[in-house]
Amino acid sequence: MQGSENGNGKPGAAISRGVFMGGLGTAGALLATGCNTPKPSNVASAGGPTPGAAGAVLSGDARKIAEARGLAPADVVAALKTYVPSGKTDEYYMFASGGHSGQVLVVGLPSMRLLKVIPVFSPESYGGWGFSEGSHAVLEGGAVDGRLITHGDTHHPAFSETDGDYDGKFVFINDKVNARVAVIDLRDFECKQIVKNPVIISNHGHCVTPNTEYVIETSQYAVPPGWKPAAVTKSAYANEYRGAMTFWKFDRPKGRIDPQRSFVLELPPYWQDLTDAGKLASEGWAFCNSINTELAVPEDWNNGPSMEISASRNDMDFLHVVNWKAAESLVRSGRVSQKNGIAYIPIDQAVREGLLYLVPEPKSPHGVDITPDGKFIVVCGKLDPHVSIYSIAKIKQAIAKGGMHKDPYGIPIVNFEDALVTQIKVGLGPLHNQFDDKGNGYTSLFLDSAVTRWTVGDESGKGWNLVETLPVQYNVGHVAAPHGDTVKPRGGYLVALNKWSLDRFVPVGPFYPRNLQLIDTSGQQLQLLYDMGIGMAEPHYAQIIDAKLVKPEDIYPPNTDVFTLKPDPKAPVFGKEGTSDHGDHVEVNMTVMRSTFRPDVVRVERGKRVIWRINNVETAKNAIHGFALAGHNISLSLEPGKVETIEIVADRPGTYPYYCTDFCSALHLELMGYFVVT
Ligand code: K7E
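Keep in mind the model is a prediction, meaning the values are calculated, not measured. (Residues numbered from 1 in each chain as written. Predicted model: local features only at pLDDT ≥ 70, side-chain atom pairs only at ≥ 80, totals over all residues. Heavy atoms only, no water.)

A. Representation of the overall build of the protein. Broken down by element type, the protein carries 13 helices and 45 strands. In summary, the protein has a C-alpha radius of gyration of 27 Å against a globular reference of 26 Å for 678 residues, a match within 12%. Taken along its principal axes, the extent of the C-alpha atoms in the protein is 80 × 75 × 50 Å. Burial status across the protein gives 60% buried among its 678 residues. Once local pairs closer than 6 in sequence are excluded, the contacts in the protein between residues at least 24 apart make up 62%. Approximately 26,900 Å² of the protein is accessible, and the part contributed by carbon and sulfur atoms is 54%. (Helix = DSSP H or I, 4+ residues; strand = E, 2+ residues; numbered from the N terminus. Rg over C-alpha atoms; globule rule 2.2 N^0.38 Å. Buried < 20%, exposed > 50% of the residue type's maximum accessible area, 1.4 Å probe, protein only. Contact = heavy atoms within 4.5 Å. Areas by Shrake-Rupley, 256 points an atom, 1.4 Å probe, with all protein chains shown as cover.)

B. Main features of the pairing of strand S6 (residues 180–185). With six of six residues buried, S6 is to be regarded as a mostly interior element. Two elements, strand S5 (residues 165–175) and S6, share six bridges in a ladder whose sense is antiparallel. Across the sheet, Asn174 pairs through a bridge with Val181, a residue of S6. Remark: four residues form the turn of the hairpin made by S5 and S6, two consecutive strands paired antiparallel; Ala179 in that turn has positive phi of roughly 55°. As paired strands, S6 and strand S7 (residues 190–196) are joined by six bridges and run antiparallel to one another. Looking at the pairing, Arg180 lines up with Lys196 of S7. With antiparallel pairing between neighbouring strands as the criterion, S6 and S7 make up a hairpin whose turn holds four residues, including Phe189 at a positive phi of roughly 60°. (Pairing = 2+ DSSP bridges.)

C. Structural context of the confidence of the model for the protein. For the protein, mean pLDDT is 91; residues scoring 70 or higher make up 91% of the total. For the stretch residues 1–54, pLDDT sits under 50, and the model shows 90 contacts to residues farther than four places along the chain or on other chains. (pLDDT = per-residue confidence, 0-100.)

D. Molecular detail of the sheet that holds strand S28 (residues 466–471). Reading across the sheet, the four strands line up as S25-S26-S27-S28 and stay open at both edges, with antiparallel pairing between neighbours. Each edge of the sheet is formed by a strand with only one pairing partner; in this case those strands are strand S25 (430–435) and S28. When the angles between neighbouring strand axes are averaged without regard to direction, this sheet yields 20°. (Axes fitted to C-alpha atoms, helices over the stretch in contact; angles between N-to-C directions.)

E. Structural detail: the domain arrangement of the protein. Per the domain assignment, the segments of the protein are domain 1 (3–82), domain 2 (197–365 + 396–421), domain 3 (426–536) and domain 4 (560–677). Relative to domain 4, the C-alpha centre of domain 3 lies at a distance of 47 Å. (Domains from an automatic or database assignment.)

F. Layout of unusual backbone geometry. Cis geometry marks the peptide bond from Leu109 to Pro110, where omega comes out at 10°. Of note, Pro110 is situated in the loop between strand S2 (104–109) and strand S3 (113–118). Cis geometry marks the peptide bond from Gln473 to Tyr474; its omega dihedral reads -10°. Turning to its location among the elements, Tyr474 is positioned in the loop between S28 and strand S29 (476–480). The phi angle at Thr212 is positive, at roughly 55°, despite the residue not being glycine. With respect to the helices, strands and loops of the structure, Thr212 is situated in the loop between strand S8 (203–208) and strand S9 (214–219).

G. Quick look at empty space enclosed by the protein. The tally for this structure, following the rule as stated, stands at two cavities of 30 Å³ or more. There is about 240 Å³ of room inside the largest cavity. Considering the residues around the largest cavity, the lining is formed by 27 residues, among which Cys207, Thr275, Asp276, Asp485 and Tyr541 are closest to the centre. The residue inventory of the lining of the largest cavity, partitioned by class, reads ten nonpolar, twelve polar and five charged. Split by domain, the lining of the largest cavity shows at least three residues from each of two domains, domain 2 (197–365 + 396–421) and domain 3 (426–536). Here the second largest cavity defines a volume of roughly 30 Å³. Around the second largest cavity, the lining residues are Gly127, Gly128, Trp129, Ser132, Ser135, Glu190, Val562, Phe563, Lys642 and Glu644. In terms of residue class, the lining of the second largest cavity is made up of three nonpolar, four polar and three charged. (1 Å grid on protein atoms, 1.4 Å probe; cavity = no way out; pocket = protein on both sides within 12 Å on 5 of 7 lines; lining within 4 Å. Points joined across faces, edges and corners; volume = space filled by probe spheres on them. Nonpolar A, V, L, I, M, F, W, Y, C, P; charged D, E, K, R; others polar.)

Below is the structure:
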C-alpha cells in the first residue's frame with residue numbers, strides 16, 4: 001500500500017539518524033555524558049529529560065544494558081518516558097474502539113498496557129457477555145427487525161462531557177455496520193444499553209454535544225428510510241435514498257438513551273461521514289462531512305467505472321452544518337412528524353426552519369474536528385493535501401446575508417470563499433485532527449504514513465503554519481490526544497492508531513497486529529516512544545482521559561443487579577440456597593464463595609426449563625469467580641457482589657460438571673459441582 005512505500009522503509013530513521021550517522025560512537029558513550037553531548041541531539045533533547053538527567057540516571061550497569069540491547073539514547077529516553085513501575089499506575093486511560101470485534105479496549109497511558117476489553121456488541125465469554133439473561137437483554141435491545149445481532153463494528157468512542165470537557169461518567173460507542181449506539185457506564189465499565197436506529201442501517205459519525213444533551217449518530221451508506229427495498233439505480237437513489245443525523249437524547253440520571261425524546265434530521269444521500277459537535281463559539285451546531293455528493297450507485301461496475309471512481313469525481317463535496325439547538329426547539333414545539341417511531345425532520349422542513357446548510361469542501365473529505373475554542377472547523381480532504389479551516393463566525397455571517405445557491409434538495413450552500421479562513425498543506429491523505437494545550441493541531445496522513453503538527457491561527461488566516469511531520473509505522477487512521485477534542489486539551493501525548501504494522505513485531509502469521517504508537521508531543525520535536533501491538537480488529541478512533549476523572553466502584557455492593565446497579569430482589573441468599581420445582585420450570589438459587597458453590601449438586605428432570613441465579617457473596621475486592629457449565633454454552637463472570645441469571649433447557653440427559661473459571665484460591669480446583677439431567 002502507498003504508505004509503506006513512502007520513505008518508511010527505514011523505520012525509526014528519524015530518531016536514530018542523528019546519533020549514529022553523526023558518528024558519535026556508542027549509545028553507552030552518549031548516555032554517559034547525557035545531554036552534554038555535542039549537537040545532533042534531535043534525539044534525546046526532543047522533549048527529553050532536563051539536561052544531564054539521562055546521564056545521571058544511567059549508572060554503569062544501565063549503560064551496559066543499553067549497549068548490550070543495542071539501544072540508542074532516544075530509545076532509552078523513550079523507555080524512561082513510558083515505563084510505569086510495578087505498583088505505580090498510569091496517568092491516562094485511552095478508550096479505543098475494537099473495530100469489528102464489536103468491543104471497546106481500555107489502555108493505560110503512557111505504559112500502553114491493555115487493561116480491559118469491554119464487551120459491547122459481540123458475545124464475550126470471559127465477561128459472560130451474551131450468556132447471562134441481563135447481558136442478553138442488552139444485546140436484544142440492538143436487534144434489527146427482531147433479529148439478534150451478535151457482532152458490531154465499533155468506530156468512535158465518545159466520553160460524556162460537561163461544559164465541553166470529558167467528565168469520566170459514560171462512554172458511548174457506535175456500531176457502524178448496523179447503525180446502533182451503546183452506552184457504557186464508567187461506574188463499572190460495563191455496557192448497559194444498545195439502541196438500534198429505526199431509520200438508518202449503517203452509521204459512521206458519532207460524538208456528543210458539550211453537555212451530553214445528545215449523542216449524535218450520522219448515517220454512512222444512504223438507504224431509503226427504514227432500509228425498505230428499492231431499486232439500485234441513479235434515479236431511485238436520488239429520489240428515495242436518504243442520509244440522516246440522529247440526535248439520541250441522553251438521560252443522565254438514568255444513564256440511558258431515551259428514544260422517545262430523540263429525533264432524526266433527514267439528509268440528502270451524500271454518504272455523510274465524520275461528525276463533530278460545535279462547542280463554545282460554535283455551541284448548538286453540528287458539522288458533518290460527506291463523500292458521495294456525486295450520488296453514485298454501485299450499478300455501473302460491469303459496464304462503466306467502479307464505485308470508487310464514480311464517487312470521487314467531484315472536486316468538492318459538502319460539509320453539512322446543522323443548527324441542532326433550533327432543531328431541538330422545533331421538536332419540542334411538537335411541529336414534527338414521526339417515522340418508524342422517532343421524531344423526524346424531513347429535508348424541506350429543515351430548510352424552511354433554517355436548520356441545515358452546506359459548505360463546499362475538498363475532495364472526498366474524512367475528518368471534521370472543531371478547535372478547542374470552538375471558532376474553527378478543520379476538515380481533512382482525503383484526496384487533497386490540505387486541511388481546510390472554516391470559521392463558524394464567517395458561516396453565520398454568510399447565512400445571515402442570505403442569497404445562497406441551493407443543492408438539488410433545496411439546501412442553501414454557503415460559498416466556499418465566504419466560509420474558508422485558510423488551508424494548510426500538510427501532506428498526502430489527511431484523515432483526522434486533534435489538539436493540544438499549546439495551540440497546536442495534529443493531523444494524521446494516511447498516504448504519507450505520518451502525523452503532522454501545525455499551529456492554530458486566527459480569523460484573518462494568520463498563524464496557521466505547518467510545524468513538523470513525523471513518520472509513523474504505518475498507514476495511520478485516527479490520532480488521539482489527551483482530551484484532544486475538548487475545550488481543554490491536556491497535551492503531552494499523541495497516539496497514532498495505525499492500520500498496518502509490517503515489520504514492527506515478531507511475525508504472527510498473515511493477520512498482522514495493528515500498531516498503536518505513542519508519541520511525545522511535549523518537546524520541540526515530536527518523539528516516537530512506543531509501539532503497542534493489538535492482536536485484534538482495527539481500532540479506529542480512541543479518546544484519552546485524565547485517569548483522575550474516572551472513579552469506578554472497586555466492588556459491587558452485595559446482591560447487585562449490574563444492569564440497574566441496584567439490589568436484585570431475587571438475589572439468592574447465603575444459607576437459603578437450593579433447587580425448587582415449579583412444574584414447568586426449576587429454579588436454582590446458588591451462592592458462590594471460596595471455595596464452594598451452594599448447592600454443589602443440581603438435579604433436574606429432562607425437559608425442564610431451568611432458571612438459575614448465582615450470587616457471588618464474596619466481600620473481598622477482586623475475588624472474582626467464573627461459572628462455566630459443560631455442554632450448555634454457559635460462561636459467566638461473577639465479580640464480588642454481582643448476581644447473574646441464566647436460563648437453559650435441560651434437554652440432554654447427562655452428568656455435567658460446572659466449575660469456577662477464575663483461579664480464586666488454593667482450593668480453586670475444588671470449586672465445582674455437578675448438574676445432572678435425569
Ligand atoms: Cu477514519 Cu471510522 Cu473515524 Cu476508521 S474512521 S480510521
